[in-house]
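Here is how the chains run, residue by residue.
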Amino acid sequence: MENDKLNQLFQDNYKKIFLLSLKMLKSEEDAEDATQDIFMKAFQNIEKFRYEAKFSTWLYRIALNHIYTMQKNKAKNYHYDLSQVANSQSSSTTPESVLREKELFSKLEELIDSLPRRQKEVFLLRYYAEFPFHKIAEICKRSVGAVKSSYFFAMQKIKNGLEKDRLLDF
Amino acid sequence: MRHISDKDLLMFLTGDISTKDYERISHHLKGCKKCRDALAEWQKIIRVTENYIEEDKKSIRIPEFTWVSQSWQQEEGHFSWLRYWLKPAIATAAVVVLTILGLLIFPQPQEENFAGYSNRIVLVDDYGYEVYEIDNEFFTYLEEAILNTICHDTILRNDILYSSSSSIAELVDLEVMQ
């Protein structure tokens, strides 16, 4: 594969890989390291890419494997600062609604974090990498049906969590 | 009436559903308030989730994509250097070393080693072979003797005379050679 083309493919996927790493590893520093390692791994192993799968599928498989290895090897004592989201410019206008939105977003963060591994993987690939289910199925080497089920269970947990705390009553 | 499952409602909203199922659910929703309410709940969940994701993405500082091209160039230079100079040099050196080792460990057959030495004679008998140093004059004499005599087990090849002791004894006095 030509270097320019490969470089472009890397750039196209860079943001999504970083977001995925950040949401999985919960640390900006770790996410930066992971992203760098993932692209270096891909670059170093580019000759092993056999065109049987799409490049992005291959790249995200490397990414997930690397992230899971990092998760195993590293003590997960960081906490991604929820206030980053909560302090970002809110779409709400009144102080009360701003506060409510902060509370809602904090809860969502917590619920997403607490998802089981497979559900979280599907959820993040769906929302942060913006992949359709069939693509997620390719990356995770699972059936489309299984991926849809994981997505449903993840969304159901989120729904139940928000309903439990009455955060949807608006 | 059988209601639409939550999973199907969710898939209906995401659009990842077959046309047949889409039509079935649409048809059902028209006449079922309970399912419409459930659909509205899921819509709310999706909207809230998507809003959160959107805000979250906005809040995340994405590092510059600079390291890849930098390390790329480094790697590329590194690899080019290896590929075009160091690797072939190592490969050549390895071949030379292996050839020398091979020659040391597995020497060539003895007769080949004598190729080109016109002043030697190899006498072969049942116990092995012996090499004799002879001068050019004597070698020429033997050559002529072989040519002029029928000696079925004496041959001259690559300037080396191969013969049995008994055959050559018929041609010359061996003591002269020693």
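Residues numbered from 1 in each chain as written. Chains lettered and ligands numbered in written order. Predicted model: local features only at pLDDT ≥ 70, side-chain atom pairs only at ≥ 80, totals over all residues. Heavy atoms only, no water.

**Considerations on helix H8 (residues 144-164) of chain A**
Keep this limit in mind: Segments assigned H or I by DSSP are reported as helices when at least four residues long, segments assigned E as strands when at least two residues long, and all are numbered from the N terminus. A helix's residues, less one, multiplied by 1.5 Å, set its expected span. Here the term buried applies to any residue with accessible area under 20% of the maximum for its type, exposed to any over 50%, and partly exposed to those in between, with areas from a 1.4 Å probe on protein chains only. For this analysis, residues touch if any pair of their heavy atoms sits within 4.5 Å.
Taking 1.5 Å per residue, 21 residues should reach 30 Å; H8 of chain A reaches 30 Å between its end C-alpha atoms and fits that length. Within H8 of chain A, burial applies to Val 147, Lys 148, Ser 150, Tyr 151, Phe 152, Ala 154, Met 155, Ile 158, Lys 159, Gly 161 and Leu 162 of chain A. As for H8 of chain A, its buried residues are in contact with helix H5 (95-113), helix H6 (117-127) and helix H7 (133-140) of chain A together with helix H1 (6-14) and helix H3 (33-59) of chain B. With its phi angle positive at about 50 degrees, Arg 166 of chain A sits one or two positions after the end of H8 of chain A.

**Some points on the packing of helix H3 (residues 55-73) of chain A against H7 of chain A**
Residues and elements named next belong to chain A. Stated formally: Here, axes are lines fitted to C-alpha atoms. For helices the fit covers the stretch in contact, and angles between N-to-C directions go from 0 to 180 degrees. Small angles under 35 degrees read as roughly parallel and large ones over 145 as roughly antiparallel, with 65 to 115 read as roughly perpendicular and the rest as oblique. Rotating anticlockwise by less than a right angle from the far helix to the near helix defines a left-handed crossing, while the corresponding clockwise rotation defines a right-handed one.
It is the contact of H3 with H7, at a shortest axis distance of 8 Å, that shows an interaxial angle of 55 degrees. Considering their axes alone, H3 and H7 lie oblique with respect to each other. As H3 runs across H7, the sense of the crossing is right-handed. Every residue of H7 that contacts H3 at Ser 56, Thr 57, Tyr 60, Arg 61 and Leu 64 is listed here: Lys 135, Glu 138, Ile 139 and Cys 140.

**Remarks on the pattern of salt bridges**
As a working rule, side chains carrying opposite charge can pair if their charged atoms are close by. Selection criterion: By definition here, a salt bridge exists when the distance from a side-chain nitrogen of Lys or Arg to a carboxyl oxygen of Asp or Glu is within 4 Å.
If you walk through the whole model with that rule in mind, you get 16 salt bridges over all chains. Its salt-bridge partner being Arg 61 of chain B, residue Glu 28 of chain A comes within 3.7 Å of it at the nearest N-O pair. With Glu 28 of chain A in helix H2 (residues 28-44) and Arg 61 of chain B in the loop between H3 and helix H4 (67-105), this residue pair bridges two chains. Here Glu 32 of chain A and Arg 61 of chain B are joined by a salt bridge, their closest N and O atoms 3.0 Å apart. Of this pair, Glu 32 of chain A sits in helix H2 while Arg 61 of chain B sits in the loop between H3 and H4, each in a different chain. Looking at Glu 32 of chain A, the relative accessible area reads 31%, which means it is partly exposed. The network of salt bridges with common partners includes Lys 23, Lys 26, Glu 109, Asp 113 and Lys 120 of chain A together with Asp 56 of chain B.

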